[in-house]
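Close look at the chain arrangement
Below are the chains, spelled out letter by letter.
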Amino acid sequence: MAVNTEAYQSIKKELDAKQVTLFAVIKTKPVEDIIALYELGQRDFGENYVQELVDKQAQLPKDIRWHFIGHLQSNKVKYIAPFVHLIHGVDSFKLLKEINKEAAKNNRVIDVLLQVHIAQEETKFGLDEEELKSIYNRNSDGLQELKNVRICGLMGMASFSDDLEKVKGEFKYLKSLFEWYTDLPIANSQLNTLSMGMSGDYRLAIGEGSTMVRIGSLLFGARNYAK
Ligand SMILES: *Cc1c(COP(=O)(O)O)cnc(C)c1O
């Protein structure tokens, strides 16, 4: 299924009015679909797989901002470090250190979001409140030493649930953590992005303060993993 141009334009308009950034989640989508959205003005695209991101980046216009939204393994950071715009879903200090190292090799500062586990499902990745705290509370090998990464926000995925109050509560919780960590006197932690909300729950997420939504299936129709 190709790009749903009408859906894109109406979502884009809705989000622009609220100053929320839309990025298109393109996992498993062919290059032609990305170009179709690019031609409508879309510049932020997100992928879950390192190899897909690398291949697509090589083929597509250089003014695209590439987001990595999957679960990133430390040994793969090097492949995306030269060009990635924002790494969502960082969930350990070890990974932050690795990103810092690869960013330094490329003479860049890489922006990241810390992923917080807000859903009830055990399978979703992310830091719990204590782990988040421990990233900020390190002394000797602390966050401030990582000069080539900048934490610019938090990211979370709510439960897959019809219970809207529950989903809303999870977004509220993430927003409260976001506020808590926003004004810390740490040079490389400047929180301005709260990435929450996908095709099924983006309106709820925006209602709770999301500044960036990650939309896939609404723009493309259902994903085809069998391909
Ligand atoms: C796939 C994915 C999305 C988009 O999901 P849709 O429901 O298709 O909009 C958003 N965020 C992450 C982390 C994803 O893996």
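Preceding this paragraph is the structure being described.
First, a word on what this report is: a plain description of the structure on this page. (Residues numbered from 1 in each chain as written. Predicted model: local features only at pLDDT ≥ 70, side-chain atom pairs only at ≥ 80, totals over all residues. Heavy atoms only, no water.)

Residue alternation in strand β2 (residues 44-47) divides its side chains into two sets, D44 and G46 and F45 and E47, and both sets are buried. In this view, the connection linking β2 to its parallel neighbour strand β3 (residues 65-68) by way of helix α3 (residues 50-59) has right-handed handedness. (Buried < 20%, exposed > 50% of the residue type's maximum accessible area, 1.4 Å probe, protein only. Helix = DSSP H or I, 4+ residues; strand = E, 2+ residues; numbered from the N terminus. Right-handed = clockwise from strand over helix to strand, strands pointing away.)

Time to look at unusual backbone geometry. Only a minority of non-glycine residues have a phi that is not negative, and only a minority of peptide bonds are not trans. Positive phi is not limited to glycine here, since Q19 has a value of about 55°. Within the secondary structure, Q19 sits in the loop between α1 (5-17) and β1 (21-25). Residue N107 is not a glycine yet carries a positive backbone phi of 55°. Inspection of the secondary structure assignment puts N107 in the loop between α5 (93-105) and β5 (110-117).

The next thing to look at is the environment of F160. Secondary-structure assignment places F160 in the loop between β6 (149-157) and α7 (164-182). By relative accessible area, F160 is classed as exposed at 63%. Expressed as a C-alpha distance, the spacing of F160 and A119, which sit 41 residues apart in the sequence, is 8.0 Å. If we ignore the near neighbours within four places in the chain, the residues touching F160 are E121, K124 and M198. (Contact = heavy atoms within 4.5 Å.)

If you check α1, its first and last C-alpha atoms are 18 Å apart, about what 13 residues at 1.5 Å a residue would give, namely 18 Å. Of the residues making up α1, those classed as buried are A7, Y8, I11, E14 and L15. The buried residues of α1 occupy an angular sector of 140° when the element is viewed end-on, so they sit on one face. Among the exposed residues of α1, those oriented more than 90 degrees off its buried face are E6, K13 and A17. Here the buried face of α1 lies against β1, α2 (31-39), α8 (202-207), β8 (212-215) and α9 (217-220). (Expected span 1.5 Å × (residues − 1). Arc of directions from axis to C-beta.)

Let us look at the site of the ligand. Around the ligand lies a shell of 13 residues, among which K27, S199, R214, G216 and S217 are the nearest. Within the side chain of N48, an N or O atom sits 2.9 Å from an oxygen atom of the ligand. At 2.7 Å from an oxygen atom of the ligand is found a main-chain nitrogen or oxygen belonging to S217. At the level of secondary structure, the elements contributing two or more residues to the shell around the ligand comprise β6 and β8. (Near = heavy atom within 4 Å. Polar contact = N/O pair within 3.5 Å; in protein donor to acceptor, adjacent residues only side chain to side chain.)

Right, let's get into the nonpolar core. Among the nonpolar cores identified, the biggest contains 64 residues, and I87, L96, I99, L114 and L154 are the most heavily contacted of them. At 6 residues, α7 tops the list of elements feeding residues into this core. Discounting chain neighbours no more than four positions away, the residues touching L114 are V90, L96, L127, L132, I135, Y136, I151, G153, L154 and M155. Judged by nonpolar contacts, the second largest core, of 8 residues, contains F23, V25, C152 and M212. (Core = buried A, V, L, I, M, F, W, Y, C linked by side-chain atoms within 4.5 Å.)

Here we take up the packing of helix α6 (residues 129-136) against α7. Running from amino to carboxyl end, α6 crosses α7 at an angle of 15°, the nearest separation of the two axes being 13 Å. Classified by the angle between their axes, α6 and α7 sit roughly parallel to one another. Here α6 runs over α7; the crossing is right-handed. Contacts between α6 and α7 involve E129, L132, K133 and Y136 from the first element and Y173, L177 and Y181 from the second. (Axes fitted to C-alpha atoms, helices over the stretch in contact; angles between N-to-C directions. Parallel < 35°, antiparallel > 145°, perpendicular 65-115°, else oblique. Left-handed = near helix turned anticlockwise from the far one by under 90°.)

Before going further, it helps to examine α5. Taking 1.5 Å of rise per residue, the 13 residues of α5 would be expected to cover 18 Å, and the 19 Å separating its terminal C-alpha atoms lies within 8% of that figure. Listed in full, the buried residues belonging to α5 are F93, L95, L96, E98, I99, N100, E102 and A103. For α5, the elements touching its buried residues are α4 (77-80), β4 (86-90), β5, α6 and β6. Backbone geometry just after α5 places N107 at a positive phi near 55°.

A few words now on the pattern of salt bridges. In this structure the tally under the stated criterion is 12 salt bridges. Note that D16 and K12 form a salt bridge whose closest N and O atoms lie 3.2 Å from each other. One end of the pair is D16 and the other is K12, both in helix α1 and 4 residues apart, which spans about a single turn. K12 sits in the partly exposed class, given a relative accessible area of 27%. A salt bridge links E14 to R203, with the shortest nitrogen-to-oxygen separation between them at 2.7 Å. Pair noted here: E14 is in helix α1 and R203 is in helix α8, with a separation of 189 residues, a long-range link. The class of R203 is exposed, set by a relative accessible area of 56%. Each of E47, E52 and K56 takes part in salt bridges that share partners, so that together they form one network. (Salt bridge = Lys/Arg side-chain N within 4 Å of Asp/Glu carboxyl O.)

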